[in-house]
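So the chains spell out like this:
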Amino acid sequence: MGEREDAMFKTTGCKWLLPVSGYLGLSLDQVNFLACQLFALVAAFWFRLYLSPNRASLMVRHAVATLLGIAFLLFCFGWYSAHILAVVAVNYLLIIKADINNVHRYSMVTAMGYLTACHVSRVFIYSYGILSTDFSGPLMIVTQKITMLAFHLHDGMCKKSEQLTLEQKHVAIHTRPSLIEYLSYNLNFLSVLVGPCSSYKDYVDFMEGKHISWRLKQRSGTCNGQNGYDKIPDPSPLNAVCRKLLVCCGCMFFFLVITRSLPITYNVDEHFVGHASFLTRLTYAFFSIQAARPKFYFAWTLADAVNNAAGYGFLGMDESGKPSWDLVSNLNIIEIETATSFKTFIDNWNIQTGIWLKTVCYDRAPKHRLALTFILSALWHGVYPGYYFTFLTAIPITIAARAIRRSIRHHFTGSRVSKLGYDVVTWAATQLAICYTVMPFLLLSIDHTIIYYRSMYFHVHIISILAAVTLHRKPKPSEPCATNKSALPASSSSSSSSSAVCSARCQPVHSNNNDKVN
């Protein structure tokens, strides 16, 4: 136990902040990460104001973004950063030298293979222990970028325009990137530590200074781009950054005060499981999972604010004519906490990873798309058994949720009172289902997962399987436009359900699409 506690303050990265780590009671890795992200926030403002496309050449912008990113890696991970730099270098050689018809396959095998090898070393070599410095997070982000770029390059150079969807046309890459562009995209200081992953084309547009102007011209409701927005100065991200930093402060306070008092591991404590009632165990599981979310909210919202501060992440003008800076946002906290369906929750959680899964797997798998996407997601996250329990459990729950919603929802849409009652019940059911599904993801090991599921009597597994089997063939109630809907290809039905795994935000200006669920 003493060795585990001592390991919190060990790292292969910089040890300058060791006194701060001891004072706050946080691991040195966490303190180094926070210091780099705060420095990145300041550097992002400087980057936007003093290295804007009007003031600095494109080469200088790429070089500064890359060098700062590499400096962050060295500060946080020391020699372990060689893993990340090596996989980027190898994959650049692949996209330059390999057959363009197969470059996406080569990149996927190489990047995912190396990531998996690193994950395996954590589980089977270190026996569920976290390395003194855990570099897997940045490696996971780089893996997304490498593979997404390779697929977009294959789309742009090997496929005809009519073979691509509108989303694929927008992000397709028609020429191989230069070395500095490739390094900048994968290693830039804005996203090298915690992401988010965004498309190469959006990133290059940002670096070239076309990111905002193009989206201003694409505001919905105009056909020729002549809406007057292209004649105004670029909107400032300051309000969006301040708002997101306030969210970060709230999440940090919640984490320090509440999250630590509700440890996840208490769900499998022998005395607690043996003596607490089922309702008590269920209640504690619910609140401990709720308390575990703010650390993710903090990291992803801070990363979003860093990108916005640099001028990246402009989505367009919203319906009220105000600028929206949510292009690279990784979550929507309000939608997550008020989700009334499994789909809505997943659509708004880790959004950019959902887009990546949709891009490299779901849209391209010839069959078994849902299962293959869940498997890829689990493999990308790591090889801890708990991850696979989570994603395998999510499959019957997703199928059951669709069947239940399709079969009974229309009975409760007649009045506001019944609709409100339905929303309250489905909110509670969704949050409890998420709690049940995600718990193994945090417990990690098989033993702890089985203890937890036994303490819950496998009730969600049983209910979801029974619901999926019972309601699977129940037809959807007829609607006035049923004739037109029957003319749609069969694939459109499965495509609409893809959001149970992947967000449908891959459009040039991605939208929430939750109106399709609610």
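All of these numbers come straight from a predicted model, not from anything done at the bench. (Residues numbered from 1 in each chain as written. Predicted model: local features only at pLDDT ≥ 70, side-chain atom pairs only at ≥ 80, totals over all residues. Heavy atoms only, no water.)

Let's shift gears to helix 12 (residues 238–257). Between its first and last C-alpha atoms helix 12 spans 29 Å; for 20 residues at 1.5 Å apiece the expected length is 28 Å, and the two agree. All of the buried residues along helix 12 are Ala-240, Val-241, Lys-244, Cys-248, Cys-251 and Phe-255. All buried residues of helix 12 project into a common sector of 90 degrees when viewed along the axis, lining one side. Opposite its buried face, helix 12 presents the exposed residues Asn-239, Leu-246, Cys-249 and Phe-253, each directed more than 90 degrees away. (Helix = DSSP H or I, 4+ residues; strand = E, 2+ residues; numbered from the N terminus. Expected span 1.5 Å × (residues − 1). Buried < 20%, exposed > 50% of the residue type's maximum accessible area, 1.4 Å probe, protein only. Arc of directions from axis to C-beta.)

Once that is clear, we can look at the nonpolar core. Counting 68 residues, the largest nonpolar core has Phe-47, Phe-189, Leu-193, Phe-206 and Trp-356 as its most contacted members. Of the residues forming this core, the biggest block, eight residues, is contributed by helix 7 (residues 136–158). Among all residues touching Phe-189, those that are not within four sequence positions of it are Ala-40, Ala-43, Ala-44, Phe-47, Ala-65, Leu-68, Gly-69 and Phe-72. If you look at the next biggest cluster of nonpolar residues, it comprises 44 residues, including Val-268, Ala-292, Tyr-387 and Phe-391. (Core = buried A, V, L, I, M, F, W, Y, C linked by side-chain atoms within 4.5 Å. Contact = heavy atoms within 4.5 Å.)

Below, the discussion takes up helix 19 (residues 369–381). Compared with an ideal rise of 1.5 Å per residue, which puts 13 residues at 18 Å, helix 19 spans 18 Å between its outermost C-alpha atoms and is within 8% of the ideal. Listed in full, the buried residues belonging to helix 19 are Leu-370, Thr-373, Phe-374, Leu-376, Ser-377, Ala-378, Trp-380 and His-381. With its phi angle positive at about 150 degrees, Gly-382 sits one or two positions after the end of helix 19.

Assignment of secondary structure puts Ala-394 in helix 20 (residues 385–408). Between the C-alpha atoms of Ala-394 and Ile-434, which are 40 residues apart in sequence, the distance is 8.7 Å. Residues in contact with Ala-394, not counting those within four places in the same chain, are Phe-342, Phe-374 and Thr-437.

The subject of this paragraph is unusual backbone geometry. The amide bond that connects Gly-195 to the next residue, Pro-196, takes the cis arrangement and shows omega of 5 degrees. Along the chain, Pro-196 falls in the loop between helix 9 (179–187) and helix 10 (200–208). Located in the positive-phi region is Asn-350, a residue other than glycine, with phi close to 50 degrees. Relative to the helices and strands, Asn-350 resides in the loop between helix 17 (342–347) and helix 18 (351–362). Classification of Asn-350 as buried rests on a relative accessible area of 11%. In this structure, Phe-458 is a non-glycine residue whose phi angle is positive, near 55 degrees. Positionally, Phe-458 belongs in the loop between helix 22 (446–455) and helix 23 (459–471).

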